[in-house]
Amino acid sequence: MSESTSLIRRISSLFLVIILVTLVMAIVSLYQAFRVEDLNTRINFAMIGATTLAFSAYLLFQSRRKMRRFTIKIQRVVTTILCQKCGFKTIRDFQRGDYIFKETEECPKCNEKMLIASIYREAKEKES
Amino acid sequence: MLPEINWIVQIVWMIFLVVFMFYGQRIQMWLMVKEVEGSLARLKFMRDEGRKAAISNITDLGKPEGDPTAGVDRFLEYVTLAPQNMDPSGVVWKLEHLLDVRDIRFKDEVKIMAPQADEIQMRNLENTLEAALALNVIYKVIRHFYVLGKKTWSFYIIMQLQMVLPLIMREAEAFASALKAFTYGQPIGDGAGALVAAKLMFGHETKNISQDIVVSKVDIEGRKAYVLKAEGPGGNVGKPGEAIKQIIEENGGKIATIIAIDAALKLEGEKPGEVAGGVGVAIGGPGVEQFKVEETVLKYKIPVNAVVIKEDIGDAVSPMRKEIFDAADPAIERVKRVIMERTKEGDSVIIAGIGNTVGIGQ
């Protein structure tokens, strides 16, 4: 299976307008919060600014999530080949046709047929 | 700045509040719809990848004369109807018959699509197609509820869908990983039980018993153990219940104990590859095989023991992770301990390694 990717839809124009309007509101409100002298009005503007800024950031985050590229992770699978006689061991990437207990090439040390002893993938830490 | 700006901001803010008061739920729903849309697009991508993988594998391995696309598309739309259970008596046998018919039909379809594939490749292709079919079904069901929710603009349909999606996505990701495992014939997590049986029967003579099941007679601590698993290395689960039943009948019910080893879903917080023991018939799937064993052991009053290897749904169908592979040896120790504690020398026991044996020989 190929590790192909696809790009899904871009941000809709309506979404963009909402984000822009809330962002402008946030900037204006925060600017006003710094300008006015009355403490109550200042707090009001600061709260309005912070809220609208958070909202526009949330909307932007939502739209960014949808722009991610899709992939299907290819996991590394390894095959361990073991000589039953002398214990010689080799580890290599999995190849099509490998299976556990399959007889493979001869052992470079004692010329006995070696055996696939294990096939597994190494899971990442966070996977558990 | 002009003093009027204060009024403008105040008015805009008031409008903002009023809009949110009346349309807050709609905006929330709109955001949820967008989230579902994102997941649906990912499901579609996985479904398409599954379809592509199936087509390319059939073309590579089966060397069909024509384009297999139409055949694959037909396969992906395949439905299996559950038997009627208004009168539940005998429903297990009806279900078994349906599953047999489905199995034969799938095999025939794969044979037609990939005439040059050998027996092992054929089984792996069948499994690949089944994983692609599962992805197609998941995608279509989610799309159904998404479209229904948008059509009716029902907050509750969309909300339920959005709430359950993380779990469904995990399952879909697992099937997407399974595609590669089946394509290349790599062992999967579900084969943990089969791996344990394979390790026990390695080096012993095997013979076929019931559908796609092999059995070996192994001496374990002075007991005669019938060790069985699905015939590998092709993707296969066989009919272990039927095989166990047959061995019990052949021995006239004189079996001291049965030990079934299978992969089991772990709870969050448990480590993958943890081995646990217990009683009962550890055979997953639709339940037909478990039912057969339960019926037979009840007739002869045979104790049944279970050894399970814990893993999550993602691990079950994706290439076998190291922790699960490493769990095979502790599971064997557990099996031997059960034999030592529950049976005496000269007894006959059945050890059944359950699960898909893809990538595991014997």
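Residues numbered from 1 in each chain as written. Chains lettered and ligands numbered in written order. Predicted model: local features only at pLDDT ≥ 70, side-chain atom pairs only at ≥ 80, totals over all residues. Heavy atoms only, no water.

Draft legend 1. Looking closely at the domain arrangement of chain A. With domains assigned, chain A is organised as domain 1 (13-64) and domain 2 (77-121). Each of domain 1 of chain A and domain 2 of chain A was reduced to a C-alpha centroid, and the two centroids are 64 Å apart. (Domains from an automatic or database assignment.)

Draft legend 2. Here's a closer look at the environment of Arg47(B). Residues and elements named next belong to chain B. Tracing the chain through its elements places Arg 47 in helix 1 (residues 4-62). You can call Arg 47 buried: its relative accessible area is 17%. Separated by 71 residues in sequence, Arg 47 and Asp 118 have C-alpha atoms that sit 26 Å apart. With sequence-adjacent residues up to four places away left out, Arg 47 is seen in contact with Leu 135, Asn 136 and Tyr 139. Engagement of the side chain of Arg 47 in a polar contact is seen with the side chain of Asn 136, the distance being 2.9 Å. (Helix = DSSP H or I, 4+ residues; strand = E, 2+ residues; numbered from the N terminus. Buried < 20%, exposed > 50% of the residue type's maximum accessible area, 1.4 Å probe, protein only. Contact = heavy atoms within 4.5 Å. Polar contact = N/O pair within 3.5 Å; in protein donor to acceptor, adjacent residues only side chain to side chain.)

Draft legend 3. Broad picture of the confidence of the model for chain B. Taken residue by residue, chain B gives an average pLDDT of 91. The fraction at 70 or more is 98%. For this predicted complex, the interface score ipTM comes out at 0.84, while the overall pTM is 0.83. (pLDDT = per-residue confidence, 0-100.)

Draft legend 4. Inspection of a negative patch on the surface at higher detail. Residues Asp219(B), Glu221(B), Glu333(B) and Glu345(B) make up a contiguous surface patch of negative charge. Among the secondary structure elements, Glu333(B) is positioned in helix 11 (residues 328-342). (Patch = residues over 30% accessible without salt bridge, like charges linked within 9 Å, V, L, I, M, F, W, Y side chains within 5 Å. Areas by Shrake-Rupley, 256 points an atom, 1.4 Å probe, with all protein chains shown as cover. Salt bridge = Lys/Arg side-chain N within 4 Å of Asp/Glu carboxyl O. Lys, Arg positive; Asp, Glu negative; His and termini not counted. Charge placed at Lys NZ, Arg CZ, Asp CG, Glu CD.)

Draft legend 5. Structural view of the sheet that holds strand 1 (residues 206-209) of chain B. Residue and element names in this part refer to chain B. Strand order in the open sheet made by the seven strands is 1-2-3-7-4-6-5, with mixed pairing throughout. The strands lining the two open edges of the sheet, one partner per strand, are strand 1 and strand 5 (275-279). Neighbour to neighbour, the strand axes of the sheet diverge by 25° on average, direction disregarded. The pairing of strand 4 (residues 257-265) with strand 7 (residues 348-353) spans five bridges and is classified as parallel. The residue of strand 7 that forms the bridge with Ile 259 is Ile 351. In this fold helix 6 (residues 192-201) packs onto strand 1, strand 2 (213-220), strand 3 (223-230), strand 4, strand 6 (304-311) and strand 7, with an angle of close to 135° to the strand it touches most, strand 3. In this fold helix 7 (residues 240-250) packs onto strand 1, strand 2, strand 3, strand 4 and strand 7, with an angle of close to 155° to the strand it touches most, strand 3. (Pairing = 2+ DSSP bridges. Axes fitted to C-alpha atoms, helices over the stretch in contact; angles between N-to-C directions.)

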